Each structure stands twice: as structure tokens, then as C-alpha cells.
Amino acid sequence: MTILLALVPMFAWGSIALVSGKLGGDANQQTLGMTMGAFLFALVTFILVHPTLDLRILVIGFLSGVFWSVGQNKQFHGMKLVGISVGLPLSTGFQLILNTIAGAVFFHEWTKSRDFILGFIALALLVFGAYLTAKQDNEAGVKTDHQVLDFGKGMRALILSTIGYASYTIIITWAGLNPLAVIFPQSIGMLLGAGLFAFGKTSFDKYVWRNMLSGLLWGVGNICMLLTVQSIGLAIGFSLSQMGIIISTLGGIFLLGEHKTKKEMVFVVVGCLLIIAGGFVLGYMKA
């Protein structure tokens, strides 16, 4: 049952980039709308569940939300600059490395030789799979001047995104907080952070309101991911949640029309198969 719960973020989060891409708007509009949707989800959950809140939960939850807003905003910027089918797999690979190391080394979630062997095999499969889904066909030549000019800027945005995203999960795992209690103060931090990014740069228009839908998707994935991490640890729980890049990568190609050469499509298919294999190894570790 825990593994099935861990796969919910895969589908929910894997669909966010596609939904936001279809709904439109710039990175600030997408982040602001998404956080509004996440806040609405957290508020309804708080009203229904009535979890106990104290100062520690409020502060750590709030900080987690601010870190998330940095991660999400910079990820949207990175994907705008290098494309969803390239940007999201790279972002996912970076996050997998940081969160897996944090879970295995800092939180001592892996204690046996078997854990480290299978864990690093799974991580290698996931990261290499993510790399292949983002790999470009150099023989095809330069696709657009825009990609060449903005790839470096996009990579810098994705690195900042990784730091924000990793901090958002690591701080909650370190504190050992109840996921049902933390999501409300977390959503407040998310909303404030997104508001600061959007301040003076965007207005409340149709694109902001539309992107609330992606926030509801994120809220569902977030609570399932936090519950999973609480049960089976950060290294495995987070890694399983990131298998959604299969959905976002293939969706970016087939639904949003991002161009791939024949060789790049082979890379994508092989990469997706490796990611699935990595997910099976993680599932086997907790079977």
C-alpha cells in the first residue's frame, strides 16, 4: 500500500508541467497560480483534519514553503529556457542525487550493505535515465539560436531550483513533522514566496487563476510524498515520486509538440525504461 501511495506523486507531479504548459502564462504567473491552488488544497485539508499546530510546525512548515517557491519558480524559468523535455529531467536528476545522499547519509536510512548496493544501483538507473531523456542529438545541428543563447542561463536556474527543492523536503524530514499538520503553514510560505517573485512583474489575470489547477495537483502529490517519506524514508520515497518525469517528458513531446529527432526519441525511450527499472529496484528494497 505504501508503494502505491508513493506512486501518486509520480502521476500528479508528472502532469504539472504539461498542465501549466497548456494553461499558459509566464514562470511567475505559473508559480503564483500554482501556490494559490496548493494553498486552497491545504486550507481544505486543515479544516477537515484539524491537525495540532505549534510554533515549531508553523516555523519549519513556513520555511519549507519558501524554499519550495524558490525551487518551483526557478524550475519554471529553466523549463522556459531549455524546454520541458530537457529541463525537467535535468532538474529531476539533480534533486535525486541531493535527496538520496541526504536520506542515506545524513538521516541514516540505509544501514546495511544491501541498502547501499541496491540504492546506488537504483539512483544510477534513475539519474542516467533522466540524462538520456534530456540528451540531444549533436549530429542534428543547432535547433534554434534561442536554445544556444539560453541553455547556460537555464542550467543556472535549474541548479537554484534544485537547492530550493532539496531544502523543502530535507527540512521537513529533519524535523520529523506530521505531514497533515505541516502542509498548511507550508502553503503560506509558498504563497508568500511566489508573491515576492511575482511582485511588480505580473498581475492577477486569467493565467494566474488557470494555474490554480496545477496547484491542486501539486497538493495531492505533496501530501502523498510526505506521508511516503515518513513511512519509508526520504531516499526511497522522494526517488519514487520523481518517476513522473516519464509522463512529463513524453507529454512534452507528444502533447506540447517539443521536437525530437529519431536518435533523441531512442534516447527518450531507453531513458524512460531505465527510470522504470530504477523504480522497480526501489520498490524491491521495501517489498
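Residues numbered from 1 in each chain as written. Predicted model: local features only at pLDDT ≥ 70, side-chain atom pairs only at ≥ 80, totals over all residues. Heavy atoms only, no water.

### Things to note about the side chain of Asn28
Definition in use: Per the convention used, a helix needs a DSSP run of H or I reaching at least four residues, while a strand needs a run of E reaching at least two, with both numbered from the N terminus. Whether a residue is buried, partly exposed or exposed follows from its accessible area with a 1.4 Å probe, protein chains only, as a fraction of its type maximum: under 20%, in between, or over 50%, in that order. Whenever two N or O atoms come within 3.5 Å, that pair is a polar contact, provided that in protein one can donate a hydrogen and the other can accept it, and provided that, for residues adjacent in sequence, both atoms are side-chain atoms. Any pair of residues with heavy atoms lying within 4.5 Å of one another is described as a contacting pair.
Its location among the elements puts Asn28 in helix H2 (residues 27-49). Residue classification places Asn28 among the buried positions, given a relative accessible area of 9%. A distance of 3.0 Å separates a polar atom in the side chain of Asn28 from a polar atom in the side chain of Asn73. Residues in contact with Asn28, not counting those within four places in the same chain, are Asn73, His77, Phe197, Ala198, Lys201 and Thr202.

### Some words on the pattern of salt bridges
This is how the line gets drawn: Any Lys or Arg side-chain nitrogen found within 4 Å of a carboxyl oxygen on Asp or Glu counts as a salt bridge.
Counted according to the given criterion, the structure contains 1 salt bridge. A salt bridge links Asp115 to Arg114, with the nearest nitrogen and oxygen atoms 3.8 Å apart. In this structure Asp115 comes out as buried when scored by relative accessible area, which is 13%.

### Points about empty space enclosed by the protein
Going by this rule: Each cavity reported here is a set of points on a 1 Å grid over the protein atoms alone in which a 1.4 Å probe fits but cannot get out, each pocket an open set with protein on both sides within 12 Å along at least five of seven lines, and each lining residue one with an atom within 4 Å of a point. Grid points are joined across faces, edges and corners, and a volume is the space filled by probe spheres set on the points. Throughout this entry, Asp, Glu, Lys and Arg are counted as charged residues, while Ala, Val, Leu, Ile, Met, Phe, Trp, Tyr, Cys and Pro are counted as nonpolar. The remaining residues, Gly among them, count as polar.
One pass over the full model with this rule turns up 3 cavities of 30 Å³ or more. Volume-wise, the largest cavity comes out at about 240 Å³. In terms of lining, the largest cavity is formed by 19 residues, of which the most central are Trp13, Gln75, Leu88, Tyr165 and Gln242. When residues of the lining of the largest cavity are traced back to their parent elements, those giving at least two are helix H1 (2-23), helix H3 (55-82), helix H4 (84-106), helix H6 (145-175), helix H10 (234-241) and helix H11 (245-254). Of the residues assigned to the lining of the largest cavity, the class counts are 10 nonpolar, 9 polar and no charged. Its boundaries defined by the atoms lining it, the second largest cavity holds a volume of some 40 Å³. Forming the boundary of the second largest cavity are Ala38, Phe41, Ala42, Ile183, Gln186, Ser187, Trp218, Gly219 and Asn222.

### A look at the packing of aromatic side chains
What counts, and what does not: Between 30 and 60 degrees the pair is tilted, below 30 it is stacked and above 60 it is edge-to-face, where a pair is any two Phe, Tyr or Trp rings, Trp via its six-membered ring, whose centres lie within 6.5 Å.
This structure, assessed with the given rule, holds 10 aromatic pairs. For the pair Tyr168 and Trp218, a centre-to-centre distance of 6.1 Å together with 45° between the ring planes defines the contact as tilted. With Tyr168 in helix H6 and Trp218 in helix H9 (residues 212-232), this residue pair connects regions lying 50 residues apart in the sequence. Look at Tyr168 and you get buried, because its relative accessible area is 3%. Put simply, the rings of Trp13, Trp68, Tyr165, Tyr168 and Trp218 pair up and form one aromatic cluster.

### Here we look at helix H5 (residues 113-134)
To keep it simple, the criterion reads: One less than the residue count of a helix, multiplied by 1.5 Å, gives the span that helix is expected to have.
When the terminal C-alpha atoms of H5 are compared, their 32 Å separation across 22 residues agrees well with the 32 Å that a helix rising 1.5 Å per residue should span. Those residues of H5 that fall on the buried side of the exposure criterion are Asp115, Leu118, Gly119, Ala122, Leu123, Leu126, Gly129, Ala130, Leu132, Thr133 and Ala134.

### What about unusual backbone geometry?
The backbone phi angle of His50 is positive, close to 55°, even though this residue is not glycine. Along the chain, the position of His50 falls in the loop between H2 and H3. We note that His108 has phi near 55°; this positive angle belongs to a residue other than glycine.

### Re the confidence of the model for the chain
Defined as follows: A score from 0 to 100, pLDDT tells how confident the predictor is in each residue.
Averaged over all residues, the pLDDT of the chain equals 85, while 95% of them reach at least 70. For residues 144-149, every residue scores under 50 in pLDDT, and the model assigns this stretch 5 contacts once sequence neighbours within four places are set aside.

### Comments concerning helix H7 (residues 179-198)
Our working rule: Bend is the name given here to the angle between axes fitted to two runs of seven residues, the run ending at a residue and the run starting at it.
Under the 1.5 Å per step criterion, the end-to-end length of H7 is 27 Å for 20 residues, consistent within 8% with the ideal 28 Å. Approximately 25° is the largest bend angle found in H7, and it occurs at Pro185. For H7, the side-chain oxygen to backbone nitrogen distance between the N-cap and Leu180 is 3.2 Å, and the N-cap itself is Asn178. Downstream of H7 by a residue or two, Gly200 has a phi angle that is positive, lying close to 75°.

### Focus on the packing of H2 against H9
For clarity, the cut-off: Structural elements are reduced to axes, namely lines fitted to C-alpha atoms, with helices fitted over the stretch in contact, and the angle between N-to-C directions of any two is expressed from 0 to 180 degrees. Roughly parallel means an angle under 35 degrees; roughly antiparallel, over 145; roughly perpendicular, 65 to 115; everything else is oblique. Crossing handedness follows the turn of the near helix against the far one: under a right angle anticlockwise gives a left-handed crossing, and clockwise gives a right-handed one.
Packing of H2 against H9 leaves a shortest axis separation of 6 Å and a crossing angle of 50°. Taken together, H2 and H9 sit at an angle that is classed as oblique. Our pair here, H2 against H9, has a crossing hand that is right-handed. Across from Gly33, Met34, Met36, Gly37, Ala38, Leu40, Phe41 and Thr45 in H2, the residues of H9 making contact are Met212, Ser214, Gly215, Leu216, Trp218, Gly219, Val220 and Ile223. The residue inventory of the contact of H2 with H9, partitioned by class, reads 10 nonpolar, 6 polar and no charged.

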